[in-house]
Each structure stands twice: as C-alpha cells, then as structure tokens.
Amino acid sequence: MKHCLIVDDSAVIRKVARRILEGLSFRVSEAEDGEQALMACRAQMPDAVLLDWNMPVMDGYEFLKQLRTLPAGDGPKVVFCTTENDVAHIARAMRAGADEYIMKPFDKEIMTAKFQEVGLV
C-alpha cells in the first residue's frame, strides 16, 4: 500500500484529502506544517506528499527544498495543493522539485487525475 503524507495547516483540508486518498487505497499520515512534515519524512519516507504552500513555522516551498536534500528525499512524488494560482508561484514550486500541483478547492476527480499523472494511481 502506498503511503501519502498530507501537509496542510487546515484540519478540514487534511480531512477531505485523507478521505479521497484512502479511497484510492493510500495509507495516509498528516502534518500541520513543513517542520512536522520533515520530521515525519526522516522517520519514514512516504511515496507521495500532498503539500500546502502557505503554512506557519515552515512553508511548503521551504519544506520541499529541504525534503529533496534528505537521503531518499528525491523519491516521493510531491503534489502542491494551493490557492496560489500565480504562474510564477507554480513555476517556482516545479523548479524546487514539485511533480504536479492542484488548485484549492479540489475534489476526488481532480486529485485522482493529478495522482495518475505522476504515476501514483
């Protein structure tokens, strides 16, 4: 079973994403910010990360840069999930190592399609 780490400071977003991902047969864990997510990745590297951009403590961009420097940190497929629709933000995320992005709000069809695009479903 593939493991996805959901990183978002919104409990509602984490709950909705968890339901969708569990329906796609993922084992799911959660983190509220980038710092918690890095600790989780050091303990057990996930197959995928659904990553918010704007979070307290450590934002998604900084988390992604640090993730990619960890041993096996190049492995997880990272899908940014954000309200930022600025092309510059998206390009910056992709340059930092994101594999795909989803705009909030999202639904099961959008998430399934994006996870298929990166080879996770």
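Residues numbered from 1 in each chain as written. Predicted model: local features only at pLDDT ≥ 70, side-chain atom pairs only at ≥ 80, totals over all residues. Heavy atoms only, no water.

Asks: Run through the packing of aromatic side chains, naming residues and quoting values.
Replies: The final tally for this structure, using the stated rule, is 3 aromatic pairs. With 5.6 Å between their ring centres and 85° between their planes, Phe 26 and Phe 115 make a pair best called edge-to-face. Here the residue Phe 26 occupies a position in the loop between helix H1 (11-23) and strand E2 (27-31), and Phe 115 occupies one in helix H5 (residues 108-117), the gap between them amounting to 89 residues. The class of Phe 26 is buried, set by a relative accessible area of 4%. Of the residues examined, Phe 115 reaches a relative accessible area of 0% and is grouped as buried. On the basis of an interplanar angle of 40° and a centroid distance of 5.0 Å, the ring pair of Trp 53 and Phe 80 is categorised as tilted. Of the two residues, Trp 53 sits in the loop between strand E3 (48-51) and helix H3 (60-67) while Phe 80 sits in strand E4 (residues 77-82), which places them 27 residues apart along the sequence. For the residue pair Trp 53 and Phe 80, the accessibility class agrees, reading buried in each case. (Phe/Tyr/Trp six-rings, centres within 6.5 Å; stacked < 30°, edge-to-face > 60°. Helix = DSSP H or I, 4+ residues; strand = E, 2+ residues; numbered from the N terminus. Buried < 20%, exposed > 50% of the residue type's maximum accessible area, 1.4 Å probe, protein only.)

Asks: Give me the pattern of salt bridges: which residues, what numbers.
Replies: The final tally for this structure, using the stated rule, is 8 salt bridges. Between Lys 104 and Asp 8 there is a salt bridge; the shortest N-O distance is 2.9 Å. Within this pair, whereas Lys 104 is found in the loop between strand E5 (100-103) and H5, its partner Asp 8 is found in the loop between strand E1 (3-7) and H1, the two being separated by 96 residues in sequence. Accessibility expressed as a relative area gives 2% for Asp 8, which makes it buried. In this structure, Lys 104 and Asp 52 form a salt bridge, with 3.1 Å as the shortest nitrogen-oxygen distance. Remark: Asp 52 occurs in the loop between E3 and H3 and Lys 104 occurs in the loop between E5 and H5; sequence separation between them is 52 residues. (Salt bridge = Lys/Arg side-chain N within 4 Å of Asp/Glu carboxyl O.)

Asks: Can you lay out the sheet that holds E5 for me, pointing to particular residues and giving the numbers?
Replies: Taken together, 5 strands build an open sheet; the order of strands is E2-E1-E3-E4-E5 and the sheet is parallel. Looking at strand neighbours, the two that pair on one side only are E2 and E5, the edges of this open sheet. The mean angle between the axes of side-by-side strands here comes to 20°, regardless of whether they run parallel or antiparallel. Here E1 pairs with E2 via 5 bridges, running parallel. What sits directly across from Leu 5, in E2, is Ser 29. Contacts from H1 reach E1, E2 and E3, with the element oriented near 165° to E2. Relative to E4, H3 is tilted by about 175°, and along the sheet it contacts E3 and E4. (Pairing = 2+ DSSP bridges. Axes fitted to C-alpha atoms, helices over the stretch in contact; angles between N-to-C directions. Contact = heavy atoms within 4.5 Å.)

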